[in-house]
Amino acid sequence: MNSIARARRFDLIAFDWDGTLFDSTAIIVRSIQAAVRDVGGATPSVQAASYVIGMALPQALAHAAPDVPPERYPELGQRYRYHYMQHQDDLSLFDGVLPLLERLRERGHLLAVATGKSRRGLDEALRSVSLRGVFDGSRTADETAGKPHPLMLQELMAEFDVPPERLLMVGDTTHDLQMAQNAGCASVGVSYGAHEPEAFAALNPLHVAHSVADLHAWLDGAA
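Just so we're clear, the structure is a prediction, and the values are computed from it rather than from any experiment.

### Regarding the layout of surface pockets
Where empty space is left in the structure can be found by rolling a water-sized probe over the atoms. The calculated volume of the largest pocket comes to roughly 700 Å³. Lining the largest pocket are 32 residues, and of these Leu57, Tyr80, Arg81, Lys117 and Ser118 lie nearest its centre. With eight residues, the top contributor of residues to the lining of the largest pocket is helix α5 (residues 73–85). Tallied by class, the residues present in the lining of the largest pocket amount to 18 nonpolar, seven polar and seven charged.

Dropping the structure here:
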């Protein structure tokens, strides 16, 4: 085993997508608000729409639109996808994400995505930002349990034969950090996404990064 491998604390680093690697929080919030209006619901506040980011889409929309009857959820989901797709080409990785991921790969870490997006949505995003081949694995909310259930991380650990103490979850919401805690894994929060970082403390992240550069520096030194 080389010196870099010996120095690694974590073999597998799992990243949330929206709001952590991908600068999409504002567009997701506006798309949720527009979809709820389209089906006659009361427009959720920015805070309410931000809170559900990271959940599986049906769960998120139901939480954001409590006055919309369940029989309208399929239509609500369709309207959300419509509004989101209108702006998908406007989205991009946060500045500094690609060098961060490249550095982690140089250090020998396995990289994964654990996201509330659908498989189709993640695959489209990976194509649009030329990231194919960067990640060793991924799980999406429509192919396993949604956050904060630990199944996404449990499946990734099983796939790569990594024990909980060797996996680190990085995310911008309490759902991400709670999922890591539920799986027995460590976590790092980022404060530039959907949730206010004051809510992270109860979930004991190892670090809260306030920028991608901050995240890069911490991972390079501690992961």
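### What to know about the pairing of strand β5 (residues 186–190)
With respect to burial, β5 is a largely interior element, five of its five residues being buried. Of the two faces of β5, the one lined by Ala186, Val188 and Val190 and the one lined by Ser187 and Gly189 are each fully buried. Note that strand β4 (residues 167–171) and β5 share four bridges and pair parallel. Counterpart to Gly171 in the pairing with β5 is Gly189. Taken together, β4, helix α9 (residues 174–183) and β5 constitute a β-α-β crossover, and its handedness is right-handed. As defined by bridge partners, β5 adjoins strand β6 (residues 208–209) across two bridges and the pair is classed as parallel.

### Some words on the packing of helix α2 (residues 25–38) against α5
In a pair of packed helices, the angle between the axes and the distance between the axes together describe the arrangement. Remark: α2 packs on α5, axes separated minimally by 8 Å, with the N-to-C direction vectors making an angle of 135 degrees. Between α2 and α5, the angle falls in the class oblique. The interaxial crossing formed by α2 with α5 has right-handed handedness. Note on element contacts: α5 touches α2 through Leu76, Arg79, Tyr80, His83 and Tyr84, opposite Ile27, Ile28, Ser31, Ile32, Ala34, Ala35, Val36 and Asp38. Classifying every residue of the contact of α2 with α5 gives nine nonpolar, two polar and two charged.

### What to know about the side chain of Ser191
Along the chain, the position of Ser191 falls in the loop between β5 and β6. Within the local environment of Ser191, its side chain forms a polar contact with the side chain of His210, the two groups lying 2.7 Å apart. Leave out the neighbours within four places in its chain, and Ser191 touches Pro197, Val208, Ala209 and His210.

Quick notes on the rules
Residues numbered from 1 in each chain as written. Predicted model: local features only at pLDDT ≥ 70, side-chain atom pairs only at ≥ 80, totals over all residues. Heavy atoms only, no water. 1 Å grid on protein atoms, 1.4 Å probe; cavity = no way out; pocket = protein on both sides within 12 Å on 5 of 7 lines; lining within 4 Å. Points joined across faces, edges and corners; volume = space filled by probe spheres on them. Helix = DSSP H or I, 4+ residues; strand = E, 2+ residues; numbered from the N terminus. Nonpolar A, V, L, I, M, F, W, Y, C, P; charged D, E, K, R; others polar. Buried < 20%, exposed > 50% of the residue type's maximum accessible area, 1.4 Å probe, protein only. Pairing = 2+ DSSP bridges. Right-handed = clockwise from strand over helix to strand, strands pointing away. Axes fitted to C-alpha atoms, helices over the stretch in contact; angles between N-to-C directions. Parallel < 35°, antiparallel > 145°, perpendicular 65-115°, else oblique. Left-handed = near helix turned anticlockwise from the far one by under 90°. Contact = heavy atoms within 4.5 Å. Polar contact = N/O pair within 3.5 Å; in protein donor to acceptor, adjacent residues only side chain to side chain.

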